[in-house]
Structure formats: C-alpha cells, structure tokens
Amino acid sequence: MKIVVPKERRSDESRVAATPESVKKFIALGFGVTVESGAGAGANILDQDYADAGAAVADKIEGALGEADIVLKVRRPGAGSGNGGGKGLDEAAAMKKGALLIGMLTPLEDLPQVEAYAKKGIDAFALEFLPRITRAQGMDVLSSQANLAGYKSVLDATAEFGRAMPMMMTAAGTIAPAKVMVLGVGVAGLQAIATAKRLGAVVLATDVRPAAKEQVESLGAKFVMVESDETEQAETAGGYAKEMSEDYKRKQAELVRETLRKQDIAICTALIPGRPAPRLISAEMVGEMRPGSVIVDLAVESGGNCELSKPGEIVEVGGVKIIGHRNVPGRLAADASALYARNLLNFVTPLVDAETKSLKIDWEDEIITGTLLTRGGAVVHPSCKPADAG
C-alpha cells in the first residue's frame with residue numbers, strides 16, 4: 001500500500017498533511033510513504049526529517065501520485081485560481097482510478113471538482129463532513145484547527161490593539177482591563193474566550209444556542225443572548241448552529257449593537273456549515289465602536305461575520321481595525337500540521353486490516369458514509385449530488 005503526501009499549492013497554505021511522527025505510524029501499519037520535497041517547509045519540517053522517519057522524498061510527485069493508493073491533502077486539489085485552487089499541478093488529475101483522496105476538500109465550494117473526482121474514479125473523503133460522534137473525536141479536523149484559530153485570533157487582536165489587556169495597578173494610576181466580546185461559541189469561540197481570560201480581559205460571549213451558556217460561564221465569561229422560543233431548536237443534531245429567522249436576526253443585531261459599543265475587541269467565529277457566514281456586525285455598528293477598537297473576523301473566507309472585513313487584509317474604518325486573515329490555523333503551521341496529521345492517521349487506521357496489512361473499508365460505517373463524496377465513478381454524498389440526481 002502506498003500513501004503520497006503532496007505539498008500544498010495554495011499560496012496561503014503553510015500546513016502539511018503528514019509529519020514524521022505520522023509517517024512512522026503509517027509505515028508500521030504496512031504503508032510505504034512518499035512525501036513531496038518541500039511539503040513540510042511551511043511547518044518547519046525538513047525533507048531529511050521525513051527521510052529519517054522512513055519516507056521516500058520525491059522532487060517530482062506526479063509519478064508517485066499515479067501509483068498512490070491514498071493521497072493525503074490539507075486543502076482540495078486543483079490548479080485553478082479559485083478559493084480552493086493553487087498553482088501548478090492538479091494532484092487529483094494525476095491519481096489512478098480507485099485511489100483514495102482524503103482531506104478538507106470543501107466540496108460545496110466547487111461541486112464541478114467533486115464531479116471530476118467521480119469521472120476519474122477516485123474515492124474522495126471530505127473530513128469536514130465527519131459525523132460528531134464519540135469514536136470520531138480523534139479524527140475531527142474542524143475542531144483541531146478551530147481550536148488553534150480561536151487562540152490565534154486573540155493574539156492577532158492584541159497585536160493590533162494599542163492598549164494592555166489586563167488590569168494593571170501602578171503608582172501612576174490604574175489601567176482598566178480590555179473588554180472582549182466573542183460572537184459564536186463553537187470550538188474557536190471557546191478557545192478565544194479562554195485565551196482572552198488568561199490575558200486578563202473582561203470577556204462576554206453570545207450565541208444562538210442556549211447550551212453555550214454553561215460552557216461560556218465555566219470559562220469565567222458572561223453570556224448574553226436573545227431569549228426566544230426559536231433558540232430551543234437553534235442547534236443541529238451535530239452540534240452546529242442553525243440559521244435563524246429574520247425576526248430573530250433583527251433582535252440579535254440590536255443586542256450586538258448595544259453591547260458592541262462598550263467593547264474594545266470583537267472576535268467573530270460564527271459559521272453555518274454549507275451556508276454563507278451570518279452577518280453579525282454591520283458597517284453602522286462598526287461606525288459606533290470606539291476608535292482603537294479591533295474586530296477579528298474568523299469567518300472572512302466564508303463571507304464574513306463583519307460587513308466591512310476583507311479576506312487577507314487588515315482594514316481600518318473610523319479608527320476601528322478589522323482583521324481578516326486567511327487560513328488562521330495556518331498561521332500556527334507547526335502545531336496545526338501536527339494535529340491535522342494525527343486526525344488523518346486516526347481516520348486511516350481503521351481502514352486497514354491489521355493481519356493482512358491491506359485496506360479493508362466498511363462502506364456502511366457512518367464515518368465512511370458521512371465523509372465519502374465519490375465512489376465507483378459516481379457522486380454519492382447527498383449534499384453534493386446534482387439536483388436532478390435526487
């Protein structure tokens with residue numbers, strides 16, 4: 001069995017899908033592993049590190065891709081210039097029929113690419129579709145990466161914030177603590193709360209899910225939300241927030257507006273799977289914030305929670321800085337790659353028969369059915385099928 005790990009071709013992607021640690025464990029499972037030269041450079045992993053772990057390092061990866069049984073990626077393959085594409089080689093085009101492609105493939109952003117996997121005969125798995133069940137926790141790429149994004153969002157905010165975060169009492173006077181508001185209390189939001197609290201800020205958070213209240217308060221922050229009968233059904237079976245009614249959005253906007261005026265920093269983390277990010281901070285709200293305030297929009301690549309955020313930019317409006325960094329987990333590439341590589345290892349390990357050291361996939365397993373996009377030349381995931389395919 002052969003695993004191939006190409007380098008990522010997006011200009012803003014510094015992560016890699018395997019580390020020397022995971023390479024050793026794949027080899028122990030019975031795989032031969034080939035890593036493209038330079039794949040780990042963004043995460044400070046040298047080619048020699050992979051070679052020392054037992055991997056073959058290839059200057060040109062096309063031939064290895066054609067022989068691979070499994071190709072591990074961070075982002076979806078593609079040589080286009082779109083949100084998921086990169087420059088140069090399209091790895092999927094070089095893969096053989098029947099090979100497995102595993103990664104964060106963002107299929108809803110490029111359905112024609114999913115159809116291309118099917119035509120090529122590739123069995124593609126999108127790990128962001130992983131069901132949220134107990135035995136899949138170690139495979140949860142969204143959680144591992146969002147955790148780092150939440151942490152980094154607070155550091156990015158403090159780097160642009162012109163004041164101290166904690167209260168400081170000095171002979172010259174007292175400095176008041178910074179006030180931080182976190183919008184959206186998923187994994188990223190909870191880590192942002194914890195990080196801001198550790199830095200000494202006064203933190204409050206909001207979410208549409210009542211269940212978030214206990215989590216927020218357990219971290220020492222204050223929870224605010226719009227009380228409504230609608231919030232009782234605000235959470236999907238997978239634990240994600242649902243899109244709310246227009247009436248609820250209006251009430252929520254008023255709450256955010258009134259609260260935001262008193263804040264120094266806003267961390268926006270709200271996402272709805274398969275939908276544009278909900279708009280939580282309008283241009284008018286930004287105009288009412290105090291000069292020197294900072295907004296970090298972690299949802300900027302999905303349309304943004306803030307109306308004025310721009311992907312890949314820090315913009316300033318009326319003295320308010322709005323941070324829209326792309327790929328925030330990739331700004332901590334070494335740790336993000338280590339966690340992601342373990343997620344992939346945990347996903348692949350159950351696919352291997354320990355005795356024969358060959359692939360033995362249970363196609364009825366809910367982890368497989370939840371993540372499988374294409375199989376046997378067809379698009380099989382319900383969310384990716386053409387409308388006329390049922």
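Everything quoted here is computed from the prediction, not taken from an experiment.

Points about the sheet that holds strand β5 (residues 100-104)
Here 6 strands make up an open sheet; going across it, the order is β3-β2-β1-β4-β5-β6 and the pairing parallel. For this open sheet the edge positions go to β3 (56-58) and β6 (123-126), each flanked by a neighbour on one side alone. Adjacent strand axes in the sheet meet at a mean angle of 20°, parallel and antiparallel pairs treated alike. Judged from the 4 bridges that link them, strand β1 (residues 2-5) and strand β2 (residues 32-36) form a sheet pairing that is parallel. By the bridge assignment, lysine 2 is partnered in β2 with glycine 32.

Here's the deal with the side chain of arginine 257
Along the chain, arginine 257 falls in helix α9 (residues 246-260). Beyond its immediate stretch of four places on either side in the chain, arginine 257 contacts Glu284, Met285 and Glu288.

Regarding unusual backbone geometry
The phi torsion at asparagine 44 lies on the positive side, around 65°, for a residue other than glycine. Its location among the elements puts asparagine 44 in the loop between β2 and α2 (47-53). For asparagine 44, a relative accessible area of 67% puts it in the exposed group. Despite not being glycine, lysine 357 has its phi angle at roughly 50°, a positive value. Among the structural elements, lysine 357 can be located in the loop between β16 (352-353) and β17 (358-359).

As for the pairing of strand β10 (residues 202-206)
With 4 of 5 residues buried, β10 is to be regarded as a mostly interior element. Once you follow strand β9 (residues 179-183) into helix α7 (residues 187-198) and on to β10, the crossover reads as right-handed. Pairing between β10 and strand β11 (residues 222-224): 3 bridges, direction parallel. Counterpart to threonine 206 in the pairing with β11 is valine 224. Since β10 and β11 lie parallel, the crossover through helix α8 (residues 212-218) that links them has a hand, and here it is right-handed.

Some points on the sheet that holds strand β13 (residues 294-297)
Read across the sheet, 7 strands follow the order β11-β10-β9-β12-β13-β15-β14 without closing on themselves; strand pairing throughout is mixed. What marks the edges here is a single partner per strand, and that holds for β11 and β14 (314-317). On average, adjacent strands in this sheet sit at an angle of 20° to one another, irrespective of strand direction. Relative to strand β12 (residues 265-268), β9 is paired through 4 bridges, and the arrangement is parallel. Paired with valine 182 across the strands is isoleucine 267, a residue of β12. Each of β9, β10, β11 and β12 is contacted by α9, which is oriented at about 160° to β9, the strand it contacts most.

Thoughts on the packing of helix α6 (residues 141-160) against α7
Running from amino to carboxyl end, α6 crosses α7 at an angle of 35°, the nearest separation of the two axes being 7 Å. For the crossing formed where α6 meets α7, the hand is right-handed. Across from Ser143, Ala146, Asn147, Gly150, Tyr151, Ser153 and Val154 in α6, the residues of α7 making contact are Val187, Ala188, Gln191, Ala192, Thr195, Ala196 and Arg198. Here the contact of α6 with α7 is composed, by residue class, of 7 nonpolar, 6 polar and 1 charged.

What to know about the packing of α6 against helix α11 (residues 333-348)
Running from amino to carboxyl end, α6 crosses α11 at an angle of 170°, the nearest separation of the two axes being 9 Å. Here α11 runs roughly antiparallel to α6, going by the angle between their axes. Seen along the crossing, α6 lies across α11 with a hand that is right-handed. For the pair α6 and α11, the contacting residues are Val141, Ser144, Gln145 and Leu148 in the first and Asp335, Ala336, Leu339, Tyr340 and Asn343 in the second.

Some remarks on the confidence of the model for the protein
On average, residues of the protein carry a pLDDT of 92, and 92% of them reach 70 or more. Long-range and interchain partners of residues 80-84, a stretch whose pLDDT sits below 50, account for 9 contacts in this model, where long-range means more than four residues apart.

Section: the pattern of salt bridges
Under the definition given, this model contains 30 salt bridges. In this structure, the salt-bridge partner of lysine 2 is glutamate 67, at a minimum N-O distance of 3.1 Å. Here lysine 2 is found in strand β1, whereas its partner glutamate 67 is found in helix α3 (residues 62-67), with 65 residues between them in sequence. A residue is classified by how much of its surface remains accessible, and lysine 2, at 40% relative accessible area, is partly exposed. Close ionic contact of arginine 257 with glutamate 284 constitutes a salt bridge, the shortest N to O distance being 2.9 Å. Placement of the pair is arginine 257 in helix α9 and glutamate 284 in helix α10 (residues 283-288), with a sequence separation of 27 residues. Classification of arginine 257 as buried rests on a relative accessible area of 19%. Glutamate 284 sits in the partly exposed class, given a relative accessible area of 48%. Within this structure, Glu8, Arg9, Glu36, Lys73 and Glu91 form a network of salt bridges that share partners.

The rules behind the values
- Residues numbered from 1 in each chain as written.
- Predicted model: local features only at pLDDT ≥ 70, side-chain atom pairs only at ≥ 80, totals over all residues.
- Heavy atoms only, no water.
- Pairing = 2+ DSSP bridges.
- Helix = DSSP H or I, 4+ residues; strand = E, 2+ residues; numbered from the N terminus.
- Axes fitted to C-alpha atoms, helices over the stretch in contact; angles between N-to-C directions.
- Contact = heavy atoms within 4.5 Å.
- Buried < 20%, exposed > 50% of the residue type's maximum accessible area, 1.4 Å probe, protein only.
- Right-handed = clockwise from strand over helix to strand, strands pointing away.
- Left-handed = near helix turned anticlockwise from the far one by under 90°.
- Nonpolar A, V, L, I, M, F, W, Y, C, P; charged D, E, K, R; others polar.
- Parallel < 35°, antiparallel > 145°, perpendicular 65-115°, else oblique.
- pLDDT = per-residue confidence, 0-100.
- Salt bridge = Lys/Arg side-chain N within 4 Å of Asp/Glu carboxyl O.

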